[in-house]
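# Architecture and fold: a report
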Amino acid sequence: MEPRNQTSVSEFLLLGFSQDSVHQPLLFGLFLSMYLVTVLGNLLIILAVSCDPHLHTPMYFFLSNLSFADICFTSTTVPKMLANIQTQSKVITYAGCITQMCFFMVFGGMDTFLLTVMAYDLFVAICHPLHYPVIMNPQLCGLLVLMSWFMSLSYSLIQSLLILRLSFCTNWVIPHFYCELAKALTLACSDTLVNHILLYMVTSLLGIVPFSGILFSYTRIASSILRIPSTNGKYKAFSTCASHLCVVSLFYGTGLGVYFSSDAPSWRSIIASVMYTVVTPMLNPFIYSLRNRDIKKALQKVLGRTLYVQ
(Lines give C-alpha, C1' and ligand atoms only; values in the text may rest on other atoms or scores of the structure.)
Protein backbone atom coordinates (compact mmCIF):
# COMPACT_ATOMS: atom_id res chain seq x y z
CA MET A 1 0.00 0.00 0.00
CA GLU A 2 1.47 3.33 -1.01
CA PRO A 3 1.77 6.05 1.62
CA ARG A 4 -0.84 8.78 1.44
CA ASN A 5 0.25 12.07 -0.01
CA GLN A 6 -0.29 15.49 1.47
CA THR A 7 -3.72 15.93 -0.16
CA SER A 8 -5.16 13.05 1.94
CA VAL A 9 -3.88 14.37 5.25
CA SER A 10 -6.81 15.87 7.14
CA GLU A 11 -5.52 16.27 10.68
CA PHE A 12 -2.76 15.69 13.21
CA LEU A 13 -3.04 14.74 16.87
CA LEU A 14 -1.22 16.88 19.44
CA LEU A 15 -0.54 14.81 22.56
CA GLY A 16 0.09 17.92 24.64
CA PHE A 17 0.78 17.58 28.34
CA SER A 18 -0.83 15.17 30.77
CA GLN A 19 -3.21 12.54 29.46
CA ASP A 20 -4.97 12.49 32.83
CA SER A 21 -8.31 14.34 32.65
CA VAL A 22 -7.92 15.35 36.31
CA HIS A 23 -5.00 17.64 35.42
CA GLN A 24 -6.75 19.34 32.48
CA PRO A 25 -8.59 22.09 34.47
CA LEU A 26 -5.35 22.97 36.28
CA LEU A 27 -3.42 23.17 32.99
CA PHE A 28 -6.18 25.23 31.41
CA GLY A 29 -6.24 27.74 34.27
CA LEU A 30 -2.45 27.97 34.43
CA PHE A 31 -1.88 28.60 30.73
CA LEU A 32 -4.89 30.88 30.37
CA SER A 33 -3.51 33.04 33.19
CA MET A 34 -0.04 33.11 31.66
CA TYR A 35 -1.44 33.96 28.24
CA LEU A 36 -3.59 36.82 29.58
CA VAL A 37 -0.63 38.23 31.53
CA THR A 38 1.54 38.02 28.40
CA VAL A 39 -0.98 39.81 26.19
CA LEU A 40 -1.85 42.45 28.81
CA GLY A 41 1.78 43.14 29.75
CA ASN A 42 2.97 43.52 26.17
CA LEU A 43 -0.07 45.60 25.20
CA LEU A 44 0.69 47.99 28.05
CA ILE A 45 4.25 48.37 26.76
CA ILE A 46 2.92 49.16 23.26
CA LEU A 47 0.38 51.64 24.65
CA ALA A 48 2.97 53.34 26.85
CA VAL A 49 5.38 53.78 23.93
CA SER A 50 2.61 54.98 21.60
CA CYS A 51 1.04 57.48 24.02
CA ASP A 52 4.13 59.05 25.58
CA PRO A 53 6.09 61.39 23.25
CA HIS A 54 9.17 60.99 25.48
CA LEU A 55 9.32 57.33 24.43
CA HIS A 56 9.33 58.04 20.70
CA THR A 57 12.98 57.00 20.42
CA PRO A 58 14.65 54.12 18.54
CA MET A 59 15.05 51.98 21.69
CA TYR A 60 11.36 52.11 22.56
CA PHE A 61 10.35 51.79 18.92
CA PHE A 62 12.18 48.46 18.80
CA LEU A 63 10.74 47.51 22.20
CA SER A 64 7.17 48.07 21.04
CA ASN A 65 7.85 45.89 17.98
CA LEU A 66 9.30 43.21 20.24
CA SER A 67 6.18 43.34 22.42
CA PHE A 68 3.97 42.96 19.34
CA ALA A 69 6.05 40.00 18.12
CA ASP A 70 5.83 38.39 21.58
CA ILE A 71 2.03 38.68 21.63
CA CYS A 72 1.81 37.07 18.19
CA PHE A 73 4.46 34.44 19.06
CA THR A 74 2.49 33.24 22.09
CA SER A 75 -0.81 33.49 20.22
CA THR A 76 0.33 30.97 17.60
CA THR A 77 0.40 28.12 20.13
CA VAL A 78 -1.44 28.82 23.41
CA PRO A 79 -5.01 29.57 22.18
CA LYS A 80 -5.15 26.31 20.18
CA MET A 81 -3.78 24.38 23.16
CA LEU A 82 -6.40 25.96 25.44
CA ALA A 83 -9.16 25.15 22.94
CA ASN A 84 -8.04 21.50 22.79
CA ILE A 85 -7.99 21.23 26.59
CA GLN A 86 -11.43 22.84 26.87
CA THR A 87 -13.01 20.61 24.19
CA GLN A 88 -11.01 17.54 25.33
CA SER A 89 -9.76 17.14 21.79
CA LYS A 90 -6.20 16.73 20.54
CA VAL A 91 -6.96 17.37 16.89
CA ILE A 92 -5.47 20.08 14.70
CA THR A 93 -6.24 20.17 11.01
CA TYR A 94 -3.50 19.78 8.41
CA ALA A 95 -3.99 23.37 7.25
CA GLY A 96 -4.04 24.56 10.86
CA CYS A 97 -0.79 22.73 11.60
CA ILE A 98 1.01 24.20 8.59
CA THR A 99 -0.33 27.66 9.42
CA GLN A 100 0.79 27.34 13.04
CA MET A 101 4.29 26.30 12.00
CA CYS A 102 4.47 29.17 9.52
CA PHE A 103 3.54 31.88 12.02
CA PHE A 104 5.68 30.30 14.73
CA MET A 105 8.74 30.63 12.50
CA VAL A 106 7.85 34.19 11.51
CA PHE A 107 7.46 35.58 15.03
CA GLY A 108 10.24 33.45 16.52
CA GLY A 109 12.58 34.84 13.87
CA MET A 110 11.32 38.38 14.56
CA ASP A 111 12.23 38.03 18.24
CA THR A 112 15.75 36.97 17.28
CA PHE A 113 16.31 39.82 14.81
CA LEU A 114 14.75 42.50 17.01
CA LEU A 115 16.95 41.57 19.97
CA THR A 116 19.97 41.88 17.68
CA VAL A 117 18.80 45.26 16.38
CA MET A 118 18.24 46.45 19.95
CA ALA A 119 21.79 45.40 20.85
CA TYR A 120 23.10 47.45 17.91
CA ASP A 121 21.03 50.43 19.11
CA LEU A 122 22.59 50.17 22.58
CA PHE A 123 26.05 49.86 21.02
CA VAL A 124 25.60 53.09 19.08
CA ALA A 125 24.05 54.89 22.09
CA ILE A 126 26.90 54.00 24.45
CA CYS A 127 29.91 53.83 22.12
CA HIS A 128 28.99 56.70 19.77
CA PRO A 129 26.65 58.96 21.78
CA LEU A 130 27.46 62.14 19.84
CA HIS A 131 26.59 60.51 16.51
CA TYR A 132 23.59 58.57 17.83
CA PRO A 133 20.83 60.88 16.46
CA VAL A 134 22.46 60.84 13.02
CA ILE A 135 23.12 57.08 12.88
CA MET A 136 19.87 55.86 14.44
CA ASN A 137 17.60 58.06 12.35
CA PRO A 138 13.92 57.11 11.78
CA GLN A 139 14.64 55.87 8.26
CA LEU A 140 17.29 53.41 9.46
CA CYS A 141 15.11 52.21 12.35
CA GLY A 142 12.21 51.55 10.00
CA LEU A 143 14.51 49.81 7.52
CA LEU A 144 15.95 47.52 10.23
CA VAL A 145 12.46 46.44 11.32
CA LEU A 146 11.36 45.91 7.70
CA MET A 147 14.47 43.80 7.01
CA SER A 148 13.69 41.71 10.10
CA TRP A 149 10.16 41.08 8.84
CA PHE A 150 11.42 40.28 5.33
CA MET A 151 13.99 37.71 6.51
CA SER A 152 11.55 36.06 8.93
CA LEU A 153 8.76 35.87 6.34
CA SER A 154 11.11 34.58 3.64
CA TYR A 155 12.40 31.70 5.76
CA SER A 156 8.91 30.82 6.96
CA LEU A 157 7.50 30.84 3.44
CA ILE A 158 10.29 28.69 2.01
CA GLN A 159 10.06 26.16 4.83
CA SER A 160 6.24 26.03 4.57
CA LEU A 161 6.39 25.40 0.81
CA LEU A 162 8.90 22.59 1.37
CA ILE A 163 6.58 20.99 3.94
CA LEU A 164 3.62 21.12 1.56
CA ARG A 165 5.45 18.88 -0.91
CA LEU A 166 5.88 16.09 1.68
CA SER A 167 3.73 12.99 1.98
CA PHE A 168 2.91 11.66 5.46
CA CYS A 169 2.62 8.21 6.93
CA THR A 170 -0.42 6.87 8.77
CA ASN A 171 1.08 7.92 12.12
CA TRP A 172 0.08 11.57 12.49
CA VAL A 173 0.67 11.88 16.22
CA ILE A 174 2.88 14.80 17.29
CA PRO A 175 4.17 14.41 20.89
CA HIS A 176 3.93 18.11 21.64
CA PHE A 177 1.41 20.85 22.47
CA TYR A 178 1.91 22.58 19.12
CA CYS A 179 2.99 21.62 15.60
CA GLU A 180 6.74 21.67 15.99
CA LEU A 181 8.54 21.52 12.66
CA ALA A 182 11.19 18.97 13.69
CA LYS A 183 8.54 16.62 15.16
CA ALA A 184 6.33 16.94 12.08
CA LEU A 185 9.23 16.07 9.76
CA THR A 186 9.71 12.74 11.55
CA LEU A 187 6.18 11.74 10.44
CA ALA A 188 6.88 12.23 6.74
CA CYS A 189 7.22 9.22 4.47
CA SER A 190 8.91 11.10 1.65
CA ASP A 191 12.48 12.36 1.56
CA THR A 192 13.03 15.18 4.08
CA LEU A 193 16.73 15.73 3.42
CA VAL A 194 16.21 19.20 1.93
CA ASN A 195 13.89 20.16 4.81
CA HIS A 196 16.41 19.03 7.42
CA ILE A 197 19.31 20.77 5.69
CA LEU A 198 17.34 24.04 5.55
CA LEU A 199 16.12 23.57 9.12
CA TYR A 200 19.57 23.05 10.64
CA MET A 201 21.23 25.62 8.39
CA VAL A 202 18.75 28.39 9.20
CA THR A 203 18.56 27.39 12.88
CA SER A 204 22.33 27.75 13.03
CA LEU A 205 22.22 31.08 11.21
CA LEU A 206 19.39 32.42 13.39
CA GLY A 207 21.25 31.24 16.46
CA ILE A 208 24.88 31.98 15.64
CA VAL A 209 24.83 35.11 13.46
CA PRO A 210 22.46 37.26 15.58
CA PHE A 211 23.99 36.00 18.81
CA SER A 212 27.47 36.81 17.48
CA GLY A 213 26.24 40.31 16.65
CA ILE A 214 24.87 40.69 20.17
CA LEU A 215 28.14 39.44 21.69
CA PHE A 216 30.15 41.84 19.53
CA SER A 217 27.92 44.75 20.56
CA TYR A 218 28.23 43.93 24.25
CA THR A 219 31.98 43.44 23.98
CA ARG A 220 32.30 46.97 22.61
CA ILE A 221 29.78 48.27 25.15
CA ALA A 222 31.71 46.72 28.05
CA SER A 223 34.95 48.20 26.73
CA SER A 224 33.35 51.66 26.53
CA ILE A 225 31.83 51.38 30.01
CA LEU A 226 35.17 50.44 31.55
CA ARG A 227 36.72 53.61 30.08
CA ILE A 228 34.16 55.85 31.80
CA PRO A 229 36.02 57.58 34.70
CA SER A 230 33.16 58.04 37.18
CA THR A 231 31.44 55.18 39.01
CA ASN A 232 28.08 56.88 38.60
CA GLY A 233 28.64 57.11 34.84
CA LYS A 234 29.51 53.43 34.64
CA TYR A 235 26.39 52.48 36.62
CA LYS A 236 24.16 54.66 34.44
CA ALA A 237 25.60 53.18 31.24
CA PHE A 238 25.25 49.63 32.54
CA SER A 239 21.66 50.18 33.71
CA THR A 240 20.79 51.33 30.19
CA CYS A 241 21.46 47.88 28.77
CA ALA A 242 20.66 45.73 31.84
CA SER A 243 17.05 45.01 30.83
CA HIS A 244 18.00 44.05 27.29
CA LEU A 245 20.79 41.82 28.60
CA CYS A 246 18.32 40.02 30.89
CA VAL A 247 15.87 39.47 28.01
CA VAL A 248 18.65 38.20 25.71
CA SER A 249 19.87 35.77 28.40
CA LEU A 250 16.34 34.49 28.98
CA PHE A 251 15.53 34.18 25.27
CA TYR A 252 18.72 32.41 24.21
CA GLY A 253 18.89 30.34 27.40
CA THR A 254 15.43 28.88 26.84
CA GLY A 255 16.05 28.66 23.08
CA LEU A 256 19.12 26.51 23.68
CA GLY A 257 17.03 24.41 26.04
CA VAL A 258 14.58 23.71 23.23
CA TYR A 259 17.41 22.92 20.79
CA PHE A 260 19.25 20.49 23.08
CA SER A 261 16.05 18.81 24.28
CA SER A 262 14.81 18.02 20.76
CA ASP A 263 16.13 14.44 21.04
CA ALA A 264 15.34 14.14 24.75
CA PRO A 265 12.18 12.53 26.22
CA SER A 266 9.03 14.35 25.12
CA TRP A 267 8.26 15.79 28.57
CA ARG A 268 11.66 17.55 28.70
CA SER A 269 11.15 18.97 25.22
CA ILE A 270 7.68 20.22 26.20
CA ILE A 271 8.94 21.91 29.37
CA ALA A 272 11.76 23.62 27.45
CA SER A 273 9.29 24.76 24.80
CA VAL A 274 6.93 26.20 27.43
CA MET A 275 9.80 28.25 28.84
CA TYR A 276 10.68 29.48 25.34
CA THR A 277 7.21 30.14 23.89
CA VAL A 278 5.15 31.12 26.96
CA VAL A 279 7.29 32.12 29.95
CA THR A 280 9.82 34.29 28.11
CA PRO A 281 7.22 36.52 26.32
CA MET A 282 5.37 36.82 29.64
CA LEU A 283 8.44 38.00 31.57
CA ASN A 284 9.78 40.46 28.98
CA PRO A 285 7.38 43.33 29.87
CA PHE A 286 8.16 42.93 33.57
CA ILE A 287 11.90 42.98 32.93
CA TYR A 288 11.68 46.18 30.91
CA SER A 289 9.15 47.96 33.13
CA LEU A 290 10.61 47.11 36.55
CA ARG A 291 14.05 48.53 35.74
CA ASN A 292 12.96 51.43 33.56
CA ARG A 293 11.73 54.71 35.07
CA ASP A 294 10.54 56.08 31.72
CA ILE A 295 8.34 53.03 31.12
CA LYS A 296 7.00 53.22 34.69
CA LYS A 297 6.06 56.88 34.29
CA ALA A 298 4.44 56.25 30.91
CA LEU A 299 2.46 53.29 32.29
CA GLN A 300 1.29 55.38 35.24
CA LYS A 301 0.07 58.07 32.81
CA VAL A 302 -1.72 55.52 30.60
CA LEU A 303 -3.35 53.70 33.52
CA GLY A 304 -4.19 56.96 35.29
CA ARG A 305 -5.80 58.36 32.13
CA THR A 306 -7.81 55.14 31.66
CA LEU A 307 -9.08 55.19 35.24
CA TYR A 308 -9.92 58.91 34.96
CA VAL A 309 -11.99 58.33 31.80
CA GLN A 310 -13.85 55.48 33.49
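Because the structure is predicted, anything quoted here is derived from the model rather than measured.

### Comments concerning the overall build of the protein chain
Helix and strand counts for the protein chain stand at 11 helices and 3 strands. The order of helices and strands in the protein chain, counted from the N terminus, is β-α-α-α-β-α-α-α-β-α-α-α-α-α. Since a compact globule built from 310 residues should have a radius of gyration of about 19 Å, the 21 Å found for the protein chain is in line with a globular shape. Each principal axis of the C-alpha atoms in the protein chain carries an extent, and together these give about 75 × 50 × 30 Å. Burial status across the protein chain gives 47% buried among its 310 residues. Sequence-distant contacts in the protein chain: of pairs separated by 6 or more residues, those separated by 24 or more amount to 78%. Of the side chains in the protein chain, 16 bear a positive and 11 a negative charge, and the two mean positions are spaced by 14 Å.

### Some points on a nonpolar patch on the surface
A cluster of nonpolar residues, V37, L283, F286 and L290, forms a patch on the protein surface that exposes about 330 Å² of accessible area. Position of F286 relative to the elements: it lies in helix α10 (residues 266-290). Overall, the relative accessible area of 39% leaves F286 in the partly exposed class.

### Some points on the packing of aromatic side chains
By the definition in use, this model includes 14 aromatic pairs. Arranged with centres 5.4 Å apart and planes meeting at 85°, the rings of F251 and Y252 form a pair that is edge-to-face. F251 gets classed as buried once you look at its relative accessible area, which sits at 4%. Residue Y252 is classed as buried on the basis of its relative accessible area of 12%. Taken together, F73, F104, F177, Y178, F211, F251, Y252 and Y276 form an aromatic cluster joined through their ring pairs.

### Things to note about the side chain of S273
Along the chain, S273 turns up in helix α10. Apart from residues no more than four positions distant in its own chain, S273 is found in contact with H176, F177, Y178, V258 and V278.

### Here we look at the confidence of the model for the protein chain
Considering every residue of the protein chain, the mean pLDDT works out to 84; 91% of them sit at 70 or more. For the protein chain, helix α11 (residues 293-309) is the element with the lowest average pLDDT, namely 69, and helix α2 (residues 58-75) is the one with the highest, namely 95. Throughout residues 1-7 the model reports pLDDT below 50, and contacts reaching past four residues in sequence, or to other chains, amount to 10 contacts.

### Description of the packing of helix α6 (residues 138-164) against helix α8 (residues 193-226)
In contact at an axis separation of 10 Å, α6 and α8 are set at 160° when each is read in the N-to-C sense. Viewed along their axes, α6 and α8 adopt a mutual orientation that is roughly antiparallel. Handedness of the α6/α8 crossing: left-handed. Contacts between α6 and α8 involve Y155, I158, Q159, L162 and I163 on the former and, on the latter, V194, N195, L198, L199 and V202. Its residues assigned to classes, the contact of α6 with α8 comprises 8 nonpolar, 2 polar and no charged.

### Structural notes on the state of the cysteines
A full pass over the atoms with the stated rule returns 1 disulfide. The side chain of C97 participates in a disulfide bridge whose partner is C179; the two sulfur atoms lie 2.1 Å from each other. On the sign convention where negative is left-handed, the bridge of C97 and C179, at about -130° about the S-S bond, is left-handed. Residue C97 is found in helix α4 (residues 94-127), and its partner C179 is found in the loop between β3 (173-174) and α7 (181-185); the two are separated by 82 residues along the sequence. We classify C179 as buried; its relative accessible area is 2%. Summary of cysteine pairing: C72 is not part of a disulfide, and the nearest cysteine sulfur, belonging to C102, is at 13 Å. Lacking any disulfide linkage, C102 is separated from the closest cysteine sulfur, that of C97, by 12 Å. Its relative accessible area of 23% is what places C102 among the partly exposed residues.

### Topic: the pairing of strand β1 (residues 11-14)
The side-chain alternation of β1 yields one buried face, formed by F12 and L14, and one unburied face, formed by E11 and L13. Two strands pair when backbone bridges link them, and β1 and strand β2 (residues 91-93) are joined in this way by 3 bridges, in the antiparallel orientation. Across the sheet, residue L13 finds its bridge partner in β2, namely V91.

The rules behind each value
- Residues numbered from 1 in each chain as written.
- Predicted model: local features only at pLDDT ≥ 70, side-chain atom pairs only at ≥ 80, totals over all residues.
- Heavy atoms only, no water.
- Helix = DSSP H or I, 4+ residues; strand = E, 2+ residues; numbered from the N terminus.
- Rg over C-alpha atoms; globule rule 2.2 N^0.38 Å.
- Buried < 20%, exposed > 50% of the residue type's maximum accessible area, 1.4 Å probe, protein only.
- Contact = heavy atoms within 4.5 Å.
- Lys, Arg positive; Asp, Glu negative; His and termini not counted.
- Charge placed at Lys NZ, Arg CZ, Asp CG, Glu CD.
- Patch = residues over 30% accessible without salt bridge, like charges linked within 9 Å, V, L, I, M, F, W, Y side chains within 5 Å.
- Areas by Shrake-Rupley, 256 points an atom, 1.4 Å probe, with all protein chains shown as cover.
- Salt bridge = Lys/Arg side-chain N within 4 Å of Asp/Glu carboxyl O.
- Phe/Tyr/Trp six-rings, centres within 6.5 Å; stacked < 30°, edge-to-face > 60°.
- pLDDT = per-residue confidence, 0-100.
- Axes fitted to C-alpha atoms, helices over the stretch in contact; angles between N-to-C directions.
- Parallel < 35°, antiparallel > 145°, perpendicular 65-115°, else oblique.
- Left-handed = near helix turned anticlockwise from the far one by under 90°.
- Nonpolar A, V, L, I, M, F, W, Y, C, P; charged D, E, K, R; others polar.
- Disulfide = S-S within 2.5 Å.
- Pairing = 2+ DSSP bridges.

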